[in-house]
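# Topology and contacts: notes
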Amino acid sequence: AQSVAQPEDQVNVAEGNPLTVKCTYSVSGNPYLFWYVQYPNRGLQFLLKYITGDNLVKGSYGFEAEFNKSQTSFHLKKPSALVSDSALYFCAVRELGDNYGQNFVFGPGTRLSVLP
Amino acid sequence: DAGITQSPRYKITETGRQVTLMCHQTWSHSYMFWYRQDLGHGLRLIYYSAAADITDKGEVPDGYVVSRSKTENFPLTLESATRSQTSVYFCASGTGQGAFGGNQPQHFGDGTRLSIL
């Protein structure tokens with residue numbers, strides 16, 4: 001069964017500095033990988049996904065993520081953090097060809113705080 | 001506007017009562033999901049539905065009942081609420097399997113915060 005780890009519960013970064021939110025995954029086959037963001041009292045909002053092709057994926061709000069197959073990682077990055085980026089971030093994985101309904105697995109979430 | 005709507009947004013009830021959380025989507029997505037979000041557990045799948053009249057259990061189905069008579073609605077019922085079911089509940093939808101559907105993200109509602117006293 002697939003699994004997702006987000007090794008940091010909390011990430012703090014100063015406004016204007018680059019940010020990284022880490023995600024590692026485990027699947028037996030090829031993964032589909034996703035990042036979501038959750039603002040207070042809101043649902044999860046899709047940011048970006050990796051399906052195939054270029055390992056660097058660009059998404060909404062200036063975020064990007066790098067797929068690294070050898071390290072089974074899919075870290076979320078942004079070159080210059082904004083205070084408005086402060087939120088809870090979730091990594092998710094499902095395995096190519098697997099049951100879409102049952103096997104969409106979310107990580108535990110990382111709280112990002114961008115300090116002014 | 002197209003989207004996914006959950007109601008109510010907030011609910012307080014007592015142990016032993018039945019409560020139903022509503023979910024409505026306007027995308028005509030085939031798949032719909034119910035998750036609960038708890039501190040320390042992230043998101044856990046309760047039930048999902050692949051189409052009208054097709055439902056299946058997720059990771060934590062005990063104490064919950066779902067139905068899907070129409071594609072756009074997917075209500076979640078707690079038949080006899082317990083304090084352990086105090087949580088934030090999220091409904092989601094997605095296009096599911098298929099050449100273009102299998103790699104699509106799920107889309108989430110804004111959640112129902114349920115407190116059981």
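Each value, and the rule that gives it
Residues numbered from 1 in each chain as written. Chains lettered and ligands numbered in written order. Predicted model: local features only at pLDDT ≥ 70, side-chain atom pairs only at ≥ 80, totals over all residues. Heavy atoms only, no water. Helix = DSSP H or I, 4+ residues; strand = E, 2+ residues; numbered from the N terminus. Buried < 20%, exposed > 50% of the residue type's maximum accessible area, 1.4 Å probe, protein only. Contact = heavy atoms within 4.5 Å. Areas by Shrake-Rupley, 256 points an atom, 1.4 Å probe, with all protein chains shown as cover. Lys, Arg positive; Asp, Glu negative; His and termini not counted. Charge placed at Lys NZ, Arg CZ, Asp CG, Glu CD. Buried area = accessible area lost by both parts, 1.4 Å probe. Salt bridge = Lys/Arg side-chain N within 4 Å of Asp/Glu carboxyl O. Polar contact = N/O pair within 3.5 Å; in protein donor to acceptor, adjacent residues only side chain to side chain. pLDDT = per-residue confidence, 0-100. Pairing = 2+ DSSP bridges. Axes fitted to C-alpha atoms, helices over the stretch in contact; angles between N-to-C directions. Disulfide = S-S within 2.5 Å. Core = buried A, V, L, I, M, F, W, Y, C linked by side-chain atoms within 4.5 Å.

## Details of the overall build of chain A
If you tally the helices and strands in chain A, you get zero helices and 12 strands. Put simply, chain A runs from its N terminus to its C terminus through helices and strands in the order β-β-β-β-β-β-β-β-β-β-β-β. Out of the 116 residues in chain A, the part that is buried amounts to 47%. Contacts in chain A between residues at least 24 apart in sequence constitute 58% of all its contacts with a sequence separation of at least 6. Total accessible area computed for chain A in this model is approximately 5300 Å², and 48% of it derives from carbon and sulfur atoms. Charge separation in chain A, taken as the distance between the mean sites of 9 positive and 9 negative side-chain charges, equals 4 Å.

## What to know about the interface of chain B and chain A
Contacts between the two partners involve 26 residues from chain B and, on the opposite side, 22 residues from chain A. Carbon and sulfur atoms supply 50% of the area that chain B and chain A bury against each other, a total of about 1900 Å² over both sides. At the surface where chain B touches chain A, the tally comes to one salt bridge. Of the charged contacts, one joins R42 of chain A and D110 of chain B as a salt bridge, the two residues approaching to 3.0 Å between their closest N and O atoms. Applying the counting criterion to the chain B and chain A interface returns five residue pairs in polar contact (both at pLDDT 80 or more).

## Re the confidence of the model for chain B
Averaged over every residue, the pLDDT of chain B is 91; residues scoring 70 or more account for 92%. Here strand β5 (residues 42-51) of chain B stands out as the element of chain B with the lowest mean pLDDT, 90, in contrast to strand β8 (residues 76-78) of chain B, whose mean of 98 is the highest.

## Some remarks on the sheet that holds β8 of chain B
Residues and elements named next belong to chain B. Here four strands make up an open sheet; going across it, the order is β1-β3-β8-β7 and the pairing antiparallel. Every other strand in the sheet has two partners, leaving β1 (4-7) and β7 (64-66) as the edge strands with one partner each. Here the strands of the sheet are splayed against their neighbours by 20° on average, with no regard to which way each runs. For strand β3 (residues 19-25) and β8, the ladder comprises three bridges, and the chain directions are antiparallel. Looking at β8, one finds that T20 is bridged to T77.

## Regarding the side chain of H29 of chain B
Residue and element names in this part refer to chain B. Considering the arrangement of structural elements, one finds H29 in the loop between β3 and β4 (31-38). Taking relative accessible area as the criterion, H29 reaches 8% and is therefore assigned buried. Among the polar contacts listed, one links the side chain of H29 to the side chain of S93, at a separation of 2.8 Å.

## Here's the deal with the state of the cysteines
Residues and elements named next belong to chain B. Inspection of the entire model under this criterion finds two disulfides over all chains. At a sulfur-sulfur separation of 1.9 Å, the disulfide partner of C23 is C91. Residues C23 and C91 are joined by a disulfide whose S-S torsion is about -75°; by sign, that bridge is left-handed. With C23 in strand β3 and C91 in strand β9 (residues 87-94), this pair connects stretches of sequence that are 68 residues apart. There is no split in this pair, since C23 and C91 are both buried.

## Notes on the nonpolar core
Membership of the largest hydrophobic core comes to 27 residues, with the highest contact counts inside it found for W35, L47, L48, F74, L76 and Y89 of chain A. Of all the elements in the fold, those that place two or more residues in this core are β2 (10-14), β3 (19-21), β5 (31-38), β6 (44-50), β8 (64-68), β9 (73-78), β10 (87-95) and β12 (110-115) of chain A. The greatest single-element share of this core, amounting to four residues, is contributed by β10 of chain A. Excluding residues within four positions of it along the chain, F74 of chain A makes contact with C23, L33, F34, W35, L48, K49, Y50, A65, E66 and F67 of chain A. Core analysis: the second largest hydrophobic core is formed by 20 residues, F34 of chain A together with Y31, F33 and Y35 of chain B among them.

## Focus: the pattern of salt bridges
All names here are of chain B. A full pass over the atoms with the stated rule returns seven salt bridges over all chains. Residues D38 and R44 are paired through a salt bridge, measuring 3.0 Å at the closest nitrogen-oxygen approach. Among the residues examined, D38 registers a relative accessible area of 15% and is labelled buried. Among the charged side chains, a salt-bridge network with shared partners connects R36, D38 and R44.

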